[in-house]
Amino acid sequence: MAKGTRTLTGRTGETYRFDPGSLCLELLLTGGPGPYGHFEILHSAADLAAWLVESRLALAVAFTEDDLRITTRELAAVKDLRDTMHRVAPAVARDEPLHSEDLEHLNAWVTDTPRPRVVPETRVLGWSTPITGTQIRGALAREAVDLVTDLAARVHECTANDCRLLFLDTSRSGNRRWCSMERCGNRNKVRSYRARADQ
Ligand SMILES: [Zn+2]
């Protein structure tokens, strides 16, 4: 499976693949404040490292958990950003007002990001290691600023009434409607088929 695409489990235990289209929105799947605490998977810095190697960040240039150096404090900082994005991202998708305070936090977090490097012997693209937790938050914050501005029109909530998954539509046509065709797309097809059959 492509990095950045996650396998989720629905209420009735069915599994489906979901591509959030963005690292920031992918991060929202790892837990969050209030009711999202139930889904928390980032209990330690090692959990974050394990999650990152399968994330969209590793899509173009892979890295290993050994390439990462994340402190407990940096984990907490990444979770702060995640809490902020739990407020910001749904509001962007619904075209609702955003809190200046949240946006200023994102601005302040745009610091260092992971640095690409060329491996001299092979001329292959790699990362300058270690990649720190602060650089990870920098990458997330930089992307968050893009999501709120240039890419805002492409941030959507799944069209299904009972599904709140958020994604960045990276399709060329720009008409992605569902979190996953396997799940909400299909459920909708079945519903419209039944509606037609009942007429
Ligand atoms: Zn959905």
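Structure: see above.
Source: prediction; values computed, not measured.

Draft legend 1. A look at the coordination of the zinc ion. Looking at the zinc ion, one finds its protein donor set to be Cys-158 (SG), Cys-163 (SG), Cys-179 (SG) and Cys-184 (SG), positioned 2.3 to 2.4 Å from the metal centre. If you look at the zinc ion, its four donor atoms make angles of 102 to 116° with each other, and the shape they trace is tetrahedral. Mapping the donors of the zinc ion onto the primary sequence gives the spacing C-x4-C-x15-C-x4-C.

Draft legend 2. Structural detail: the layout of surface pockets. Approximately 860 Å³ is the volume attributed to the largest pocket. Every residue lining the largest pocket is counted, 26 residues in all, and those nearest its centre are Leu-8, Leu-29, Tyr-36, Phe-39 and Leu-165. At the level of elements, β1 (6-9) and α3 (72-93) are the ones that each hand at least two residues to the lining of the largest pocket. Ranked by residue count, the leading element in the lining of the largest pocket is β1, at four residues. For the lining of the largest pocket, the class distribution of residues is 13 nonpolar, six polar and seven charged. By volume, the second largest pocket amounts to about 210 Å³. Lining the second largest pocket, in full, are Leu-23, Arg-56, Leu-57, Thr-113, Pro-114, Ala-139, Arg-142 and Glu-143. Take the lining of the second largest pocket: its biggest share by element is three residues, from helix α5 (residues 133-148).

Draft legend 3. Focus on the nonpolar core. Core analysis: the largest hydrophobic core is formed by 38 residues, its most contacted members being Leu-52, Phe-63, Leu-68 and Met-85. Of all the elements in the fold, those that place two or more residues in this core are α1 (23-27), α2 (45-53), α3, α4 (100-109), α5 and β8 (166-168). With seven residues, the single largest contributor to this core is α3. If we skip the residues at most four places from it in the chain, Leu-68 touches Ala-49, Leu-52, Val-53, Phe-63, Ile-131 and Ile-136. Core analysis: the second largest hydrophobic core is formed by eleven residues, Leu-8, Phe-18, Phe-167 and Trp-178 among them.

Draft legend 4. Examining unusual backbone geometry more closely. Of note, the bond from Thr-129 into Pro-130 is cis; its omega dihedral lies within 30 degrees of zero at 0°. Tracing the chain through its elements places Pro-130 in the loop between β5 (124-127) and β6 (131-132). In the Ramachandran plot, Asp-95 falls in the positive-phi region, its phi being about 60° despite a non-glycine side chain. By the secondary structure assignment, Asp-95 is in the loop between α3 and α4. Of note in this structure, Arg-123 is not a glycine but carries a positive phi near 60°.

Draft legend 5. Spatial organisation of empty space enclosed by the protein. One pass over the full model with this rule turns up one cavity of 30 Å³ or more. There is about 30 Å³ of room inside the largest cavity. Every residue lining the largest cavity is listed: Leu-25, Met-85, Val-88, Ala-89, Val-92, Ala-144, Leu-147, Val-148 and Val-155. No other element matches the four residues that α3 contributes to the lining of the largest cavity. Across the lining of the largest cavity, the residue classes break down as nine nonpolar, no polar and no charged.

Rules and cut-offs
- Residues numbered from 1 in each chain as written.
- Predicted model: local features only at pLDDT ≥ 70, side-chain atom pairs only at ≥ 80, totals over all residues.
- Heavy atoms only, no water.
- Donors = N, O, S within 2.8 Å, 3.2 Å for Na, K, Ca; no water.
- Tetrahedral: all angles 85-135°; square planar, octahedral: opposite > 155°, others 65-115°.
- 1 Å grid on protein atoms, 1.4 Å probe; cavity = no way out; pocket = protein on both sides within 12 Å on 5 of 7 lines; lining within 4 Å.
- Points joined across faces, edges and corners; volume = space filled by probe spheres on them.
- Helix = DSSP H or I, 4+ residues; strand = E, 2+ residues; numbered from the N terminus.
- Nonpolar A, V, L, I, M, F, W, Y, C, P; charged D, E, K, R; others polar.
- Core = buried A, V, L, I, M, F, W, Y, C linked by side-chain atoms within 4.5 Å.
- Buried < 20%, exposed > 50% of the residue type's maximum accessible area, 1.4 Å probe, protein only.
- Contact = heavy atoms within 4.5 Å.

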